[in-house]
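# Residue-level structural notes
Read off the chains here:
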Amino acid sequence: YAQLQLVNSCGCYWYQTIVDTDCSLRFYNGSDRVTFTAAGNVGIGTTAPCTTLHSYGTATIGKGQAVNEKALLTLTSTTSAGYGGQIQFQKNNSSLAEIGHESAILGSGTSSDLYLQSDSSIDFAAGGTTQQMTIDSNGRVAIGENVSPRGATFFEGGVAGALQVEGTSANTSSITLIRANASSGPNLIFGRTCGGVGTNTLVAANQTLGGITFQANDGTDFVSAALIEGRTGNHMASNCASGELRF
């Protein structure tokens, strides 16, 4: 190898070292600090960078914040055929979560929608580190402090809602619908189709449309105490439906 010694004003020694075995260029000060490989990869804190820029440790991106200035990190594809950008979070060299363009994370398609993927739950905290909302691996959403979605075994009828709100006060366990309009208020719609998701398939006569169930916890799980149920009546046709409420 070839070696060039540099001394700064503090008397610190830096060495540029070209190692014949891997043809890399290294900046050394007690240990290897920055490495440029023959493949064009740059390693900070590592001598074996596996990507174009590989930082082993904590990295900060910023600039002086003068008026109308900002620190900016850009992930982009240089052609319209590219998938776009993504950030991958790994542990023990295994990907656990990703955020970026949908097509980049899925590795297919042309969607530029923002896509967030996790191998487990996704937690949200606001105003501190206390968890305020969670999306679990089954797609259920729980809103509340340190609340996880309850599964179907907790409720009579085996139904675990996709949206669950749980708290210790009226404010933290209530849902409010407000419509700012001079002539009418908000709507709560219970709908049913007899086809798959996104389809429009006729519901037959005398079928359940939806219900409001009031359940109390018996010390083990929740049991039904009262029910309001909507049903189709004896007649169902295009643009014409009869119905009833059962209590």
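For the structure, see preceding data.
Cut-offs used in this document
For every chain, the first residue of its written sequence is number 1, and the numbers climb from 1 along that sequence. This being a predicted model, a pLDDT of at least 70 is required before a residue's local features are given, and a value of 80 or more before pairs of side-chain atoms are given or counted; all residues contribute to the totals for chains, interfaces and linings. Side-chain metrics rest on all non-hydrogen atoms present in the structure, leaving aside hydrogens and water. Only one rule defines a salt bridge in this text: a Lys or Arg side-chain nitrogen within 4 Å of an Asp or Glu carboxyl oxygen. Categorising residues by exposure relies on relative accessible area from a 1.4 Å probe, with only protein chains included: less than 20% of the type maximum marks a residue as buried, more than 50% marks it as exposed, and the intermediate range marks it as partly exposed. Whether two strands pair depends on DSSP finding at least two bridges between them. Counting from the N terminus, the helices are DSSP H or I runs at least four residues long and the strands are E runs at least two residues long. Think of each axis as a best-fit line through the C-alpha atoms, taken over the contacting stretch in the case of a helix, with angles from 0 to 180 degrees between the N-to-C directions. Aromatic rings from Phe, Tyr and Trp, taking only the six-membered ring of Trp, are treated as a pair when their centres fall within 6.5 Å; an angle between ring planes under 30 degrees marks them as stacked, one over 60 as edge-to-face, and anything in between as tilted. Two conditions define a charge located above a ring, namely a distance within 6 Å from the ring centre to NZ of Lys or CZ of Arg, and an angle within 35 degrees of the ring normal.

Attention now moves to the pattern of salt bridges. Under the defined criterion, the tally for this structure stands at four salt bridges. A salt bridge links arginine 140 to aspartate 136; its shortest N-O distance comes to 3.2 Å. We classify aspartate 136 as buried; its relative accessible area is 10%. For arginine 150, the salt bridge goes to glutamate 166, with nearest N and O atoms at 2.9 Å.

Pairing is mixed across the open sheet formed by four strands, whose spatial order is β10-β11-β12-β13. Pairing within the sheet leaves two strands with one partner each, and these edge strands are β10 (122–125) and β13 (163–165). The average undirected angle you get between the axes of adjacent strands in this sheet is 20 degrees. Judged from the three bridges that link them, strand β11 (residues 131–135) and strand β12 (residues 141–143) form a sheet pairing that is antiparallel. By the bridge assignment, methionine 133 is partnered in β12 with isoleucine 143.

This model, assessed by the stated rule, comprises one aromatic pair. Taken together, a centroid distance of 5.2 Å and an interplanar angle of 15 degrees make the contact between phenylalanine 155 and phenylalanine 222 stacked. Linking phenylalanine 155 in the loop between β12 and β13 with phenylalanine 222 in strand β15 (residues 222–237), this pair joins segments that are 67 residues apart in sequence. Here phenylalanine 155 falls in the partly exposed class, since its relative accessible area comes to 21%. Over the aromatic face of phenylalanine 154 sits the side chain of arginine 150, whose NZ or CZ is 5.4 Å from the ring centroid.

All right, on to unusual backbone geometry then. Phi is positive for asparagine 92, which is not a glycine, with a value near 55 degrees. Note that asparagine 92 resides in the loop between β7 (86–91) and β8 (94–101). The class of asparagine 92 is exposed, set by a relative accessible area of 72%. In the Ramachandran plot, asparagine 206 falls in the positive-phi region, its phi being about 60 degrees despite a non-glycine side chain. Along the chain, the position of asparagine 206 falls in the loop between β13 and β14 (208–217).

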